[in-house]
Amino acid sequence: MTHYASPILTSILDTDAYKLHMQQAVYHRYHDITVAAEFRCRGDELLGEYRDEIQAQITLMSELALTDEEYRFLAALPFFRKDYLDWLKAFRFNPQQVQVTNRRGMLEIRISGPWREVVMWEVPLLAVISEVVHRHRSPDATPEQAVSQLRGKLERFRALAGETDLSRFRLMDFGTRRRFSQAVQQAIVTTLKSDFPYLVGTSNYDLARRLDLAPVGTQAHEWFQAHQQISPVLANSQRAALQAWLDEYPAQLGIALTDCITMDAFLRDFGPGFAGRYQGLRHDSGDPLEWGEKAIAHYEKLDIDPMSKTLVFSDNLDLDKALALYRHFDRRINLVFGIGTRLTCDIPGVKPLNIVIKLVECNGKPVAKLSDSPGKTICEDPAFVKALRKAFDLPLVKKAS
C-alpha cells in the first residue's frame, strides 16, 4: 500500500461548525466529564487494510493549531467567548486518545478522554478516513469531475423547478464528514457559491472563513446522549440538554436536533417554553414528510406561527429530494436544506462511505441514540436501551444493533 506522508488536514477549522459550538458549551459547563466514542461503518465494508495510513494521519493531526487569523475570524462571530477561544488556541489533538485496530479486516476505532477534547475528533477523523480510502479506491478521480457532475445536477434542478418560486429555497453544505477529499469539497462549495444563488452557508468553518460564507450548525446527537448520564433523572435528560444549550446560547444557534430518542419523545419534551425560544428544528432520520407535518402541527397546537420558525432537513438529501420537500412545505414554515455526501462525494464510479463516529459512553456509563430510523440505532448496552425506552414511554423492540 502506498503511504501518503503529507497531512490531509491543514487547518484545525476544517471541521463542522457544531463541533466548536458544542466544544465551547462543554468547556464552560462540563469541563470534567469524560466520554468514549466509536467508529461505525454502516455498510460493513472492510476498511481495516487502511489502518496504518489512518493512524499516520491521526498522528499528524497533533500538529494542527488555531492560527492568529483563524482566532480573529472566530472572535468576530457573536457566539464565541474569549475564555474559550484562548483555550482553543492552546488546544492540540492528542493521538493517544484514539485506538485504531484492524480486526479481521474491519476497521475499529475508539476515542476516549475528556469530552471537551474528544468532541473535536469526530468530523475531521471521518474526513480523513474517507479521503484515505478514496485515494486508494479511486486514484484517478478529480475535483473537476465532481464539479462537472454538480453542474449536471444544477441543470436538472433548474429544469425540475420549472416555474416554481425558489425565492425561499436555502441550501447549506453539510459535506465535510464523508467528502471525497478536501479539494473536492472546496471545488463544490466554490462552484455553488458562484453558480447557485440559493447557497446560504457551509458547516465547514475553514471553508466559511476562506470563501466568505456563513458558518452554520448547532448541536449533534452527542449533546443529547451525554445528558442521559449527566442528568440525575433519565426521563429529564432531553429537557436538561435543551435547557443547557439555551443557557449557553440564549439568542443564537437555536436549531434543535430532534431524533436522538425519536421525534415523538422529543416533542413531548419540547413544550411552549422551548418551542418559543428555539428558532427551529433539524431532521436527521425517519420520513421527512411525516416529521415536518408533526413539527408544524406541534407549533400550531402551541399557538406558535410556523412561519416564525425554521425546519432544517439534513438526512440523506440530494437536490431532487430537497426540491420535493420545498414544494410540499413552502409558505407553511421556513425551510433550509443541508446536503452533504450527495454534493461532496458524487463522482462517477465512486461509492461514498456510510461511516459515523458516535458517543457510546459518558462518565463510564452507556448512552444511546435511538433515532427515527432503526438502522441508525447505536448502543452497546441493551439494558440501557430498555431503560431509555421505558423512561421516554417508547415501545420496547428487539435488541438494538
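The structure presented is a predicted model; accordingly, all values stated were derived computationally and were not measured. (Residues numbered from 1 in each chain as written. Predicted model: local features only at pLDDT ≥ 70, side-chain atom pairs only at ≥ 80, totals over all residues. Heavy atoms only, no water.)

Here's the deal with the overall build of the protein
Inference 1: The secondary structure content of the protein amounts to 17 helices and 11 strands.
Inference 2: C-alpha atoms of the protein, sized along the principal axes, occupy 60 × 55 × 45 Å.
Inference 3: For the protein, buried positions account for 57% of its 401 residues.
Inference 4: Considering only contacts in the protein between residues 6 or more positions apart, those separated by 24 or more positions represent 79%.
Inference 5: Of the accessible surface of the protein, which amounts to about 16200 Å², a share of 50% is contributed by carbon and sulfur atoms.
Inference 6: With 50 positive and 51 negative side-chain charges, the protein shows a separation of 3 Å between the mean positions of the two kinds. (Helix = DSSP H or I, 4+ residues; strand = E, 2+ residues; numbered from the N terminus. Buried < 20%, exposed > 50% of the residue type's maximum accessible area, 1.4 Å probe, protein only. Contact = heavy atoms within 4.5 Å. Areas by Shrake-Rupley, 256 points an atom, 1.4 Å probe, with all protein chains shown as cover. Lys, Arg positive; Asp, Glu negative; His and termini not counted. Charge placed at Lys NZ, Arg CZ, Asp CG, Glu CD.)

Looking at the environment of Ser-203
Inference 1: Structurally, the position occupied by Ser-203 is in the loop between β5 (199–202) and α9 (205–211).
Inference 2: Along the sequence, Ser-203 and Ala-183 sit 20 residues apart, while their C-alpha atoms lie 16 Å from each other.
Inference 3: Setting aside residues up to four positions removed in sequence, Ser-203 forms contacts with Thr-15, Asp-16, Ala-17, Asp-173, Phe-174, Gly-175, Thr-176 and Val-216.
Inference 4: Reaching out from Ser-203, the side chain makes a polar contact with the side chain of Asp-16 at a distance of 2.8 Å. (Polar contact = N/O pair within 3.5 Å; in protein donor to acceptor, adjacent residues only side chain to side chain.)

Thoughts on the UniProt feature "modified residue: Phosphohistidine" (unreviewed entry) in the protein
Inference 1: In the numbering used here, UniProt assigns the "modified residue: Phosphohistidine" (unreviewed entry) feature to His-221.
Inference 2: Judged by relative accessible area, His-221 falls into the buried class, the value being 3%. (UniProt positions renumbered as here; feature names shortened; annotations may be inferred.)

Observations regarding the UniProt feature "domain: Nicotinate phosphoribosyltransferase N-terminal" (unreviewed entry) in the protein
Inference 1: In this numbering, the UniProt entry assigns the feature "domain: Nicotinate phosphoribosyltransferase N-terminal" (unreviewed entry) to residues 13–130.
Inference 2: The span residues 13–130 is 46% helix and 19% strand, and its two end C-alpha atoms sit 18 Å from each other.

Some remarks on the pattern of salt bridges
Inference 1: The final tally for this structure, using the stated rule, is 28 salt bridges.
Inference 2: Arg-110 is the salt-bridge partner of Glu-361, the closest N and O atoms lying 3.1 Å from each other. Within this pair, whereas Glu-361 is found in strand β10 (residues 355–362), its partner Arg-110 is found in strand β3 (residues 106–114), the two being separated by 251 residues in sequence.
Inference 3: Between Asp-269 and Arg-239 there is a salt bridge whose closest N-O contact spans 2.5 Å. Within this pair, whereas Asp-269 is found in helix α12 (residues 263–269), its partner Arg-239 is found in helix α11 (residues 237–248), the two being separated by 30 residues in sequence.
Inference 4: Salt bridges linked by common partners bring Lys-19, Glu-122, Arg-177 and Glu-222 together as one network. (Salt bridge = Lys/Arg side-chain N within 4 Å of Asp/Glu carboxyl O.)

Focus on the domain arrangement of the protein
A common measure of how large an interface is: the accessible area buried when the components associate.
Inference 1: With domains assigned, the protein is organised as domain 1 (17–139 + 353–379) and domain 2 (143–345).
Inference 2: Relative to domain 2, the C-alpha centre of domain 1 lies at a distance of 21 Å.
Inference 3: Taken together, the two surfaces of domain 1 and domain 2 that pack against each other cover about 4200 Å², and 57% of this comes from carbon and sulfur.
Inference 4: Sorting the residues of domain 1 by area buried against domain 2 places Tyr-18, Phe-73 and Asp-372 first, and these three jointly supply 14% of that buried surface.
Inference 5: Remark: the boundary between domain 1 and domain 2 carries 5 salt bridges.
Inference 6: Between Arg-81 and Glu-248 there is a salt bridge, and its shortest N-O distance comes to 3.5 Å.
Inference 7: Where domain 1 packs against domain 2, one counts 24 residue pairs in polar contact (both at pLDDT 80 or more).
Inference 8: Put simply, the parts of the chain that give the side of domain 1 that touches domain 2 at least two residues each are α1 (17–29), α3 (68–75), α6 (122–137), β10 and β11 (365–366). (Domains from an automatic or database assignment. Buried area = accessible area lost by both parts, 1.4 Å probe.)

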